[in-house]
Amino acid sequence: MGPGMLRLLLKGLAPPLTEPVPAPSEVALRELAGAVDRAARGTLGRSLSIRHVDAGSCNGCELEIHALNNAIYNIERFGIRFVASPRHADVLLVTGPVTKNMREALQRTYDATPHPKWVVALGDCARDGGCFAGSPAVIGGVSKVVPVDLHIAGCPPPPIEILRGLLALLQPGTR
Amino acid sequence: MAAATLTDVILAGAPVPHHGPWPRVVVRPEGWADATELLAEGRATLLGLWGDGGWMHMALAGGENDIGVLSLECVGGRYPSVGQRHRPALRLERAARDLFGLEPEGNPDARPWLDHGVWGVRHPLGSPAKTTDAAPPYPFLTAEGEGLHQIAVGPVHAGIIEPGHFRFTANGETIVRLEERLGYVHKGIEGLMAGADLDRAARLAGRVSGDSTVAYGLAFARAVEAAWHADVPPRAVWLRALMAELERLANHLGDIGEICNDAAFALMHAHTGVLRERVLRASDLAFGHRLMRDRIVPGGLAGDIAEGGPAAIRALVDEIARVFPALVELYDDTASLRDRTVTTGTLDPALALEYGAGGYVGRASGRDADARRSPGYPPYDELAFAVPSREAGDVDARVWIRIEEVTESLSLVRQILDRLPAGPVRADPAPPPSIREGMAIVEGFRGDILVWVRTGADGRVERCHLRDPSWFQWPLLEAVVEGNIVADFPLCNKSFNCSYSGHDL
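**Structural notes on the overall build of chain A**
Along the backbone of chain A there are seven helices and five strands. Along chain A, helices (α) and strands (β) appear in the sequence α-α-α-β-α-β-β-α-β-α-β-α when read from the amino end. For chain A, with 175 residues in total, the buried portion stands at 56%. A sequence separation of at least 24 residues applies to 83% of the contacts in chain A between residues at least 6 apart. For chain A, the accessible area works out to roughly 7100 Å², and carbon and sulfur atoms hold 55% of it.

Laid out in structure tokens, this is it:
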């Protein structure tokens, strides 16, 4: 590969690729307005460290969470980043209907996350089990295991909707 | 003395009526044993093994389109283990034992697989019995020697990944043994399928593994259509293939970047991430959903392609065709990256053959198989495409298979758009008056997906089994990491990219 081609590849990622900043989700802002820990949320500052937990997802939600890190959504420009340990996290982003086989792991991950912390339940099955509700192998919704602050709907939610929900968490008015 | 061929075993069995497109026969234990010998001798490939009430079914391929399903009644809830002679069956038998309570006599592994002891019920698809016990400990296989230590990873991993547990035994940096423990995302999909109407069953099938939602939708629809002898309008057949190739493109582009990213080469990841996003946006524009979920239904499609869809997809493939060669060159020319992928995680072609490993895992280790070509299904018989195959079997070879398949899929998308027939996209099939059974094998991006379905007189699903390609790839990951360093495990794992959800069901 010549230096010309490498330059071209690097140039191909110049800022015009990036999606314009979306408005925070109104639905999310309404759900968060009722949160009791508004004062605590002020301590977050303008950044969020997120630990993702798959609690039984079909992996569709994971694909769209991944997309947030691509050059188009570029989520780190908002001060939002994914971290490897719950010890480093402000937010747990939980997907899936919560299988019984993942209940303990979810609970332990929550317990390992320091206060103040928030839980975002991502996708339709994280709300109430979605189409897996009623199976003897699933619990049916994240809030049945750990307290949930925000739900983001969709199957899976498109990245822009996940972003709008997370931006609502960062809004000064909701903190 | 083993029977000569799978055909002989099938001819010796009692045919079950209304099963399509391949035969299903009831066999006696001798027939079951003959088939097991065929597998053990490498003269047949195991396609699936699943429970159904008090029966076990085994799907095999004996050769080109020589496919059949053998059924054995499990007298007293027991049947002779296939896995004791043919390793790829071991986990399938453990799963069937957990779900149905059917005991594979001779299977050397008595441990549960999907059942972690917390469902509150035993044998949920057989004769369910309530349980109240706490989760029992799971004894991992041992490795003994001076200086060996264990590393426990998961089920919650350090990235945006599905959950599973990996138990490494290492000597310094070198992996001596890896044992997987899966089942964490078991949702009981096959239980939910029982009694579901076709709409709900199709939605469930599309949620077995989200990255393969098109392929699963297609496999389920084709299984029902085979059972009901339903015709699908030509336009729907071609649009289904268009969606399937878009799904393959999106996943391969994502994988190529992620594998490189696991070797700390972020530039490739950045570029393929953009291309993948372009595929999803064009898919959204054309079909109304970024992953094209719930678009394929038995009888055709839920809706036609949007008016601007074909033009958007043409623009997409033109852009990828323009950018991709430079990325391939970047991969090929970056010595520090190739240094990580070449000779890392090498899969012996003999193992790939034994396990009937599908997709890039099999094809990178010399297995020349692709369900689009054999057994084949329309419209691929009218399309020109090559099935790449390599011998090296390492991470590098699995990257190259994906690279070559991206090029093939771009060509397929263009061919499909050039020849897309006009007409309706849906012909709702009429439920037959009695029980029908059908099976389909579809090539997803990761390999061959098998769906077997039985519908009742009311047109509802009685039993549906969905076998992900990962069943025959996960065990091979354990084999390929042996002797590699722990730090190369993510690279090996990503190059396999097995589905947890598809496996756990």
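**Some words on the sheet that holds strand 4 (residues 45-52) of chain B**
Two strands in a sheet stick together by hydrogen bonds in their backbones, pointing the same way (parallel) or opposite ways (antiparallel). Residue and element names in this part refer to chain B. Taken in spatial order, the five strands make up an open sheet running 1-3-6-5-4, and their pairing is mixed. Each having just a single partner strand, strand 1 (14-15) and strand 4 make up the two edges of the open sheet. Where strand 3 (residues 24-26) and strand 6 (residues 66-73) come together, three bridges link them in parallel fashion. Bridging across to strand 6, valine 26 finds its partner in serine 71. Its contacts with the sheet place helix 2 (residues 29-40) against strand 4, strand 5 (55-63) and strand 6, and it is angled at close to 45° to strand 5. Sitting on the sheet, helix 3 (residues 90-100) is in contact with strand 4 and strand 5, with an inclination near 10° to strand 4.

**Digging into the sheet that holds strand 13 (residues 174-181) of chain B**
Residue and element names in this part refer to chain B. If you trace the three strands from one edge of the open sheet to the other, you get 11-12-13, paired in antiparallel fashion. With one partner strand each, in any of the chains shown, strand 11 (148-153) and strand 13 form the two edges of the open sheet. Neighbouring strand axes in the sheet, compared pairwise and without regard to direction, differ in orientation by 20° on average. Pairing geometry for strand 11 and strand 12 (residues 165-171), over six bridges, is antiparallel. Looking at strand 12, one finds that isoleucine 151 is bridged to phenylalanine 168. The sheet contacts of helix 15 (residues 474-481) involve strand 12 and strand 13, and relative to strand 13 the element is tilted by about 165°.

**Let's talk about the domain arrangement of chain B**
Residues and elements named next belong to chain B. Each assigned domain of chain B is listed with its residue range as follows: domain 1 (6-130) and domain 2 (189-504). Computed from C-alpha coordinates alone, the two centres of domain 1 and domain 2 are separated by 26 Å. Contact residues are listed per partner, giving 30 residues for domain 1 and 31 residues for domain 2. When the buried surface of domain 1 facing domain 2 is broken down by residue, His18, Trp50 and Arg91 rank first, second and third, together holding 23% of it. Between domain 1 and domain 2 we count four salt bridges in total. For the salt bridge of arginine 454 with aspartate 52, the shortest nitrogen-to-oxygen distance reads 2.8 Å.

**Describing the confidence of the model for chain A**
Looking at chain A as a whole, its pLDDT mean stands at 88, while 87% of the residues score no less than 70. Within chain A, no element has a lower average pLDDT than helix 3 (residues 38-42) of chain A, which sits at 56, and none a higher one than helix 4 (residues 60-67) of chain A, at 98.

**Concerning the interface of chain A and chain B**
Chain A puts 51 residues into the contact, and the matching count from chain B is 51 residues. Here chain A packs against chain B, burying approximately 4000 Å² in sum over the two surfaces, 63% of which is carbon and sulfur. At the surface where chain A touches chain B, the tally comes to two salt bridges. One salt bridge in this structure joins A:Glu19 and B:Arg281, with 3.0 Å as the shortest N-O distance. Sorting the residues of the side of chain A that touches chain B by element identifies helix 1 (3-11), strand 1 (48-54), helix 4 and helix 5 (100-112) of chain A as the ones contributing at least two each. Sort the elements by how many residues they give to the side of chain A that touches chain B and helix 4 of chain A lands first, with seven residues. For the side of chain A that touches chain B, the class distribution of residues is 31 nonpolar, 14 polar and six charged.

**As for the pattern of salt bridges**
All names here are of chain B. Applying the stated criterion across every chain, the model contains 46 salt bridges over all chains. Ionic pairing is found between arginine 454 and glutamate 437, a salt bridge with its closest N-O pair at 3.5 Å. Of the two residues, arginine 454 sits in strand 17 (residues 447-455) while glutamate 437 sits in strand 16 (residues 436-444), which places them 17 residues apart along the sequence. Assigned by exposure class, arginine 454 and glutamate 437 land together as buried. Through salt bridges with shared partners, a single ionic network connects Glu245, Arg248, Arg363, Asp370, Arg372, Glu405 and Glu443.

**Notes on the packing of aromatic side chains**
A complete count under the given rule lists 12 aromatic pairs over all chains for this structure. Seen in terms of ring centroids, B:Trp32 and B:Tyr79 are 6.2 Å apart; in terms of plane orientation they differ by 85°. Their pairing is edge-to-face. Residue B:Trp32 is located in helix 2, and its partner B:Tyr79 is located in strand 7 (residues 78-80); the two are separated by 47 residues in the primary sequence. There is no split in this pair, since B:Trp32 and B:Tyr79 are both buried. Summarising the aromatic geometry, the rings of B:Tyr377 and B:Tyr380 are spaced 5.4 Å apart at their centres and angled 85° between planes, so their arrangement reads as edge-to-face. In textbook terms, an aromatic cluster arises when at least three aromatic residues are bridged by ring pairs, as seen for B:Phe166, B:Phe168, B:Trp474, B:Phe489 and B:Tyr500. Note that B:Lys187 overlies the ring of A:Phe132, its terminal NZ or CZ placed 5.5 Å from the centroid. It is B:Arg402 that lies over the ring of B:Tyr360; its NZ or CZ is 3.6 Å from the centre.

**Comments concerning the nonpolar core**
By size, the foremost hydrophobic cluster in this structure holds 172 residues, and its most contacted members are B:Met58, B:Met193, B:Phe220, B:Leu242, B:Phe287 and B:Leu466. Counting residues per element, this core draws most heavily on helix 7 (residues 234-262) of chain B, which supplies 15 residues. The residues that make up this core include at least three from each of domain 1 (6-130) and domain 2 (189-504) of chain B. Not counting residues within four places of it along the chain, the set of residues in contact with B:Met58 comprises B:Trp32, B:Ala35, B:Leu39, B:Leu46, B:Gly48, B:Leu49, B:Gly68, B:Val69, B:Leu70 and B:Val82. Counting residues in each nonpolar core, the second largest holds 30 residues, with A:Ile65, A:Ile75, A:Leu122 and B:Val274 among its members.

**Describing helix 7 (residues 159-170) of chain A**
Residues and elements named next belong to chain A. For helix 7, which comprises 12 residues, the first-to-last C-alpha distance of 17 Å matches the rise-based estimate of 16 Å (1.5 Å per residue) to within 8%. Counting buried residues along helix 7, nine of its 12 residues qualify, which places the element largely inside the surrounding structure. Among the residues making up helix 7, those that are buried are Pro159, Ile162, Leu163, Gly165, Leu166, Leu167, Ala168, Leu169 and Leu170.

**Structural notes on the environment of B:Phe496**
Residues and elements named next belong to chain B. Along the polypeptide, phenylalanine 496 turns up in helix 16 (residues 489-496). On the accessibility criterion, phenylalanine 496 (0% relative accessible area) is buried. Sequence separation between phenylalanine 496 and leucine 477 is 19 residues; the distance between their C-alpha atoms is 7.3 Å. Beyond its immediate chain neighbours, meaning those up to four positions away, phenylalanine 496 contacts Tyr360, Val361, Arg398, Arg402, Gln473, Leu476, Leu477 and Val480.

Parameters and conventions
Residues numbered from 1 in each chain as written. Chains lettered and ligands numbered in written order. Predicted model: local features only at pLDDT ≥ 70, side-chain atom pairs only at ≥ 80, totals over all residues. Heavy atoms only, no water. Helix = DSSP H or I, 4+ residues; strand = E, 2+ residues; numbered from the N terminus. Buried < 20%, exposed > 50% of the residue type's maximum accessible area, 1.4 Å probe, protein only. Contact = heavy atoms within 4.5 Å. Areas by Shrake-Rupley, 256 points an atom, 1.4 Å probe, with all protein chains shown as cover. Pairing = 2+ DSSP bridges. Axes fitted to C-alpha atoms, helices over the stretch in contact; angles between N-to-C directions. Domains from an automatic or database assignment. Buried area = accessible area lost by both parts, 1.4 Å probe. Salt bridge = Lys/Arg side-chain N within 4 Å of Asp/Glu carboxyl O. pLDDT = per-residue confidence, 0-100. Nonpolar A, V, L, I, M, F, W, Y, C, P; charged D, E, K, R; others polar. Phe/Tyr/Trp six-rings, centres within 6.5 Å; stacked < 30°, edge-to-face > 60°. Lys NZ or Arg CZ within 6 Å of the ring centre and 35° of its normal. Core = buried A, V, L, I, M, F, W, Y, C linked by side-chain atoms within 4.5 Å. Expected span 1.5 Å × (residues − 1).

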